[in-house]
Amino acid sequence: MSAIRFHGVQLAYDGREPVLDGVELHLSAGWTGLVGANGAGKTTLLRAAVGALPVTVGAITRDPSDATVRLCAQRVDEPGDDVLALAAASDRHAMRWQRRLALDPCQVERWQTLSAGERKRWQLAGALAAEPDVLGLDEPTNHIDAGTRAILLDVLRRFRGIGLLVSHDRELLDELCRTTVLVERGGAVSYPGGYTAARALWEAEAEARRGEWAEADAARKRARQQLADARRAEASATRAVSSSSRMKGPRDSDGRSMGAKNLAAWAASGAGRVVARRRRALDEADTRVTALAMVKERGGRIDLDWEPPARRWLATLDGVTLRAGAHLVARDVQAAVARDSRIHLAGDNGAGKSTLLAALVGAAAIPRDRLLWLPQELDAEEGRALTAELGELPAAERGRLGQLAAALGLDPSRALGSGSPSPGEVRKLVIARGLARRVWLVVLDEPTNHLDLPSIERLQAALADYPGALVVATHDTPFARHLTSTTWHLEGGALTQR
């Protein structure tokens, strides 16, 4: 039976601190979900499993050793070899995959003008058409609309090899996976079942640990009190020894005096031994509490010192024509964003939502530092430049940014210190920077892409509290429903509003 085994694996980048250490896993045929917080090491683990990242310590074995392996990365910047091969092929097998995911080979020639969702369909089709024994998918439902998601789910259900899935899509994880690996705090632990079943198991374990920690902490407090009592008793016994030495009465015999002194010394010695035992007991209690140390959850309410803009209309498109390269997206587009707008931009992949958002940002009639613009994708170089820029901020401004980033579930020191943050970490940093600037308008293109599930909930809460104008393009309907009151729908070259 096909398998991938991790034997004491450590993974690190460029001599930095290990991202993962001591990983022991056995991955077999079927789908395994890899879940955890942004920056925990999910993508690192996935890349190592498919042979795209060398191990620092330990070993990874694949059975069979000559298994065909494919990886669909998060980024869709360029068409890979599999995409180019599928677009160039005209045999029955290739055409079946093109039809299944509604692909036109001519699209690849204008790759940079395709929507991220269209690129993702090509990326997935190229990997699946190679008929791999091992298939790694990193956030495969990023960018894609509901229709494409349904097609993808049907295709992935039919896959019979070893499937590894990094995703924040809870429904996809539950529908596909029979095993879930939780990646956190430098380790990886396997649980049976999809995300919901596995989460119930690790939350039960966490609850048990909290109970153990509370019991150990109570024992430590008792040990600390007992040590304090023993020290007071020792001090009292020591004073008694001193008193017996100084206060010999005129009628006391030397023997009686010596006996009293000896009794006091024995009492002091016994009290000292009790103190030593109590100190050892406290040390043991401290060790147990430390071993059971609870990790503080990040996140929390975001409070913004915010003042509304004086002008009512922040961005306006008046009869404009939208193009993506040479491709016509829409004509005569009429749209306006007010200072209190809460807008959901909806539409299928390729409809032109990203083009429309970019046009709105370009037409904004407010200072650039009062606008938060988050595109669908930020490349690795942009992420590195962002961390370098934020690292140069004055201490007070960097501290405020750190507070906002932590409220979104990010460890800012780790993200800024890594030099190469994950896509999810970059998105949180961009959003935190914008909120720290007290922006008047937030424009987000698929903001939940690359984010872990708790982070999506925190972002939703933060944007619900945000008092300014919001325009968001997303296929996450519950997320949009919670945050917006107006829907713009872009379809067939026309923008309708309701």
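Refer to the structure above for everything that follows.
Notes on the structure follow. (Residues numbered from 1 in each chain as written. Predicted model: local features only at pLDDT ≥ 70, side-chain atom pairs only at ≥ 80, totals over all residues. Heavy atoms only, no water.)

**Points about the overall build of the protein chain**
A count of helices and strands for the protein chain gives 15 helices and 17 strands. Long-range contacts, defined here as pairs at least 24 residues apart, represent 70% of the contacts in the protein chain between residues at least 6 apart. When the accessible surface of the protein chain is summed, it comes to about 24200 Å², and 50% of that surface belongs to carbon and sulfur atoms. (Helix = DSSP H or I, 4+ residues; strand = E, 2+ residues; numbered from the N terminus. Contact = heavy atoms within 4.5 Å. Areas by Shrake-Rupley, 256 points an atom, 1.4 Å probe, with all protein chains shown as cover.)

**Let's talk about the sheet that holds strand β1 (residues 3-11)**
Taken together, the three strands give an open sheet; going across it, the order is β2-β1-β4, and neighbouring strands pair in antiparallel fashion. The two strands at the open ends of the sheet, each matched to only one other strand, are β2 (20-28) and β4 (57-63). Averaged over all adjacent pairs, the angle separating strand axes in this sheet is 5 degrees, with direction ignored. Bridge analysis of β1 against β2 gives six bridges, and the strand direction is antiparallel. The residue of β2 that forms the bridge with Leu11 is Leu20. (Pairing = 2+ DSSP bridges. Axes fitted to C-alpha atoms, helices over the stretch in contact; angles between N-to-C directions.)

**Considerations on the packing of helix α2 (residues 81-88) against helix α4 (residues 116-129)**
Orientation of α2 relative to α4, taken along the N-to-C sense of each, is 80 degrees, at an axis distance of 8 Å. For the element pair α2 / α4, the angle class is roughly perpendicular. Packed against α2, whose contacting residues are Asp82, Val83, Leu86 and Ala87, the element α4 presents Trp122, Gln123, Ala125, Gly126, Ala127 and Ala129 at the interface. Taken together, the residues that form the contact of α2 with α4 break down as seven nonpolar, two polar and one charged. (Parallel < 35°, antiparallel > 145°, perpendicular 65-115°, else oblique. Nonpolar A, V, L, I, M, F, W, Y, C, P; charged D, E, K, R; others polar.)

**A look at the side chain of Gln376**
Relative to the helices and strands, Gln376 resides in the loop between β13 (371-374) and α10 (380-391). Among the polar contacts made by the side chain of Gln376, one reaches the side chain of Ser354 at a distance of 3.0 Å. Ignoring anything within four residues of it in the chain, the contact list for Gln376 reads Ala116, His143, Ser354, Arg427, Asp445, Glu446 and Asn449. (Polar contact = N/O pair within 3.5 Å; in protein donor to acceptor, adjacent residues only side chain to side chain.)

**Topic: the nonpolar core**
In summary, soluble globular proteins display a tendency toward joint burial of nonpolar side chains. Formed by 61 residues in total, the largest nonpolar core has its most connected members in Val337, Leu345, Leu356, Leu441, Trp488, Leu490 and Leu495. The biggest single contributor to this core is helix α13 (residues 423-436), with seven residues. Those residues within four positions of Val337 in sequence are excluded, and the remaining contacts are Arg312, Trp313, Leu314, Ala315, Ile343, Leu360, Leu441, Ala469, Val471 and Trp488. Cys72, Leu124, Ala127 and Val155 belong to the second largest nonpolar core, which has 38 residues in total. (Core = buried A, V, L, I, M, F, W, Y, C linked by side-chain atoms within 4.5 Å. Buried < 20%, exposed > 50% of the residue type's maximum accessible area, 1.4 Å probe, protein only.)

**Here we look at the side chain of Glu446**
Along the polypeptide, Glu446 turns up in the loop between β14 (441-445) and α14 (453-465). The buried charged residue Glu446 lacks any salt bridge partner; its closest oppositely charged side chain belongs to Lys353, at an N-O distance of 5.2 Å. Reaching out from Glu446, the side chain makes a polar contact with the backbone nitrogen of His475 at a distance of 3.3 Å. (Lys, Arg positive; Asp, Glu negative; His and termini not counted. Salt bridge = Lys/Arg side-chain N within 4 Å of Asp/Glu carboxyl O.)

**Remarks on the pattern of salt bridges**
Going through the model one piece at a time under the given rule, you end up with 17 salt bridges. A salt bridge links Arg158 to Asp154; the shortest N-O distance between them is 3.4 Å. Note on Arg158: relative accessible area 53%, which makes it exposed. Look at Asp154 and you get partly exposed, because its relative accessible area is 34%. Between Arg232 and Asp229 there is a salt bridge, and its shortest N-O distance comes to 2.2 Å. Linking Arg232 with Asp229, this pair stays in helix α7 (residues 195-246), spanning three residues, or about one helical turn. Counted as one network, the salt bridges with shared partners bring together Arg149, Asp169, Glu171 and Glu175.

**Digging into α13**
One turn of an α-helix holds 3.6 residues; hence residues three or four places apart share an orientation. Taking 1.5 Å of rise per residue, the 14 residues of α13 would be expected to cover 20 Å, and the 20 Å separating its terminal C-alpha atoms lies within 8% of that figure. Within α13, 13 of the 14 residues are buried, which leaves it mostly tucked inside the rest of the structure. The positive-phi residue at the C-terminal boundary of α13 is Arg438, with phi of around 60 degrees. (Expected span 1.5 Å × (residues − 1).)

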